[in-house]
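One letter stands for each residue in the lines below.
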Amino acid sequence: MSSRDVVLARVRRALAEGPREGAPGGAGEPPLVRDYRRVHGSRTAAETVDLLAENLADYRASVHRSDLGGLPALIGRLLAERGARRVVVPRGLEPGWLAEVAAEVVEDRAEQTARELDAVDSVVTGCAVAIAETGTLVLDAGPDQGRRRITLVPDHHVCVVRVPGQVVGSVPEALPRLVPGRPLTWISGPSATSDIELDRVEGVHGPRTLEVVLVEAAGDGDAGGG
């Protein structure tokens, strides 16, 4: 068996639930073992949320905390401080979150072009899950997140995370909550890159400014410890 056959057989097995009959090397190899640790250490739900806030800030995101009652005023203030005149929102975003927004609200539409979105100052979304250990927000194009495009083109992103229910400790804990077939966007801080001289440039392939609101939702489930 060639090295190519071995590699392809392993790929096939990784993509399937079990070895394929007749696949090169499939029947003779031991089953794949994924016994890596999902939970790293022991934290309470509150400590996991605090770790998320710490790592988000370390990535130069601005972190705010609120309850549901204070959320509309906070979002309105963040957009006003930014000087946002137009803000794009996904169709499934809670309307009450925008109750105190003075800017023009633009609903996400499939026919919007990148040029049209570039004329928008800010975007407000929810998220699918937030990972504390990596300071990562994951969006999956759900109703309160909209298309990937609206979170990549505008220069200012306000992302609301319900805590503790949407927060997990580790990446292995986050993966079962996500559907691989959905368009997943993983965000760790504002968009940034560095050249060979290590000069940091922000806003190259996404928002230059990321503001994360950790909102305590009444009755929200426990976050996974990590």
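Structure: above.
Just so it is clear, the structure is predicted and the values come from calculations on it, not from any experiment.

## Examining the overall build of the chain
Thought 1: A count of helical and extended segments in the chain gives 6 helices and 12 strands.
Thought 2: Taken over 226 residues, the chain has a buried fraction of 42%.
Thought 3: Considering only residue pairs separated by 6 or more positions, the chain has 71% of its internal contacts joining residues 24 or more positions apart.
Thought 4: Accessible surface for the chain amounts to roughly 12,100 Å². Of this, 51% is attributable to carbon and sulfur atoms.

## Some details on the sheet that holds strand S12 (residues 209-216)
Thought 1: What the 6 strands build is an open sheet, ordered S1-S12-S7-S4-S2-S3; its pairing is parallel. Both edges of this open sheet fall to strand S1 (62-67) and strand S3 (104-107), since each of them pairs with a single strand only. Across this sheet, the average inter-strand angle for adjacent strands is 25°, counted without regard to direction.
Thought 2: As defined by bridge partners, strand S4 (residues 122-125) adjoins strand S7 (residues 156-163) across 4 bridges and the pair is classed as parallel. Looking at S7, one finds that Val-124 is bridged to Val-158.
Thought 3: Against the sheet, helix H2 (residues 45-58) contacts S1, S7 and S12, and its axis sits at roughly 145° relative to S1.

## Here's the deal with the pattern of salt bridges
Thought 1: Following the criterion strictly, the structure yields 11 salt bridges and no others.
Thought 2: The shortest N-O distance in the salt bridge between Glu-81 and Arg-77 comes to 3.0 Å. Here Glu-81 pairs with Arg-77, and both are found in helix H3 (residues 71-82), just 4 residues apart, close to one helical turn.
Thought 3: Taking the relative accessible area as the measure of exposure, Glu-81 reaches 57% and is therefore exposed.

## Quick word on empty space enclosed by the protein
Thought 1: Tallied over the entire structure, the rule returns 1 cavity of 30 Å³ or more.
Thought 2: What the largest cavity holds in volume is close to 30 Å³.
Thought 3: Contributing to the lining of the largest cavity are Leu-139, Asp-140, Ala-141, Gln-145, Gly-146, Arg-147, Arg-148, Thr-151, Pro-183 and Thr-185.

## Digging into a nonpolar patch on the surface
Thought 1: A cluster of nonpolar side chains, namely Val-7, Val-11 and Leu-15, defines an oily patch on the protein surface of about 300 Å² accessible area.
Thought 2: Within the fold, Val-11 resides in helix H1 (residues 3-15).

## Focus: the environment of Asp-67
Thought 1: For Asp-67, the position within the fold is in strand S1.
Thought 2: Accessibility expressed as a relative area gives 45% for Asp-67, which makes it partly exposed.
Thought 3: For the pair Asp-67 and Val-213, spaced 146 residues apart in sequence, the C-alpha to C-alpha distance is 9.6 Å.
Thought 4: Sequence-distant contacts of Asp-67, defined by excluding residues within four places in its chain, comprise Val-215 and Glu-216.

## Section: the pairing of strand S6 (residues 136-139)
Thought 1: Judged by which residues are buried, S6 turns out to be covered on both faces: Thr-136 and Val-138 on one side and Leu-137 and Leu-139 on the other are all buried.
Thought 2: Both strand S5 (residues 129-131) and S6 contribute to a ladder of 3 bridges, which runs antiparallel. The residue bridging Val-129 from the neighbouring strand is Val-138, located in S6.
Thought 3: Where S5 folds back on S6, the antiparallel hairpin that results is connected by 4 residues, among which Gly-135 adopts a positive phi of roughly 60°.

Criteria and thresholds
- Residues numbered from 1 in each chain as written.
- Predicted model: local features only at pLDDT ≥ 70, side-chain atom pairs only at ≥ 80, totals over all residues.
- Heavy atoms only, no water.
- Helix = DSSP H or I, 4+ residues; strand = E, 2+ residues; numbered from the N terminus.
- Buried < 20%, exposed > 50% of the residue type's maximum accessible area, 1.4 Å probe, protein only.
- Contact = heavy atoms within 4.5 Å.
- Areas by Shrake-Rupley, 256 points an atom, 1.4 Å probe, with all protein chains shown as cover.
- Pairing = 2+ DSSP bridges.
- Axes fitted to C-alpha atoms, helices over the stretch in contact; angles between N-to-C directions.
- Salt bridge = Lys/Arg side-chain N within 4 Å of Asp/Glu carboxyl O.
- 1 Å grid on protein atoms, 1.4 Å probe; cavity = no way out; pocket = protein on both sides within 12 Å on 5 of 7 lines; lining within 4 Å.
- Points joined across faces, edges and corners; volume = space filled by probe spheres on them.
- Patch = residues over 30% accessible without salt bridge, like charges linked within 9 Å, V, L, I, M, F, W, Y side chains within 5 Å.

Any functional reading would require information that these geometric values do not contain.
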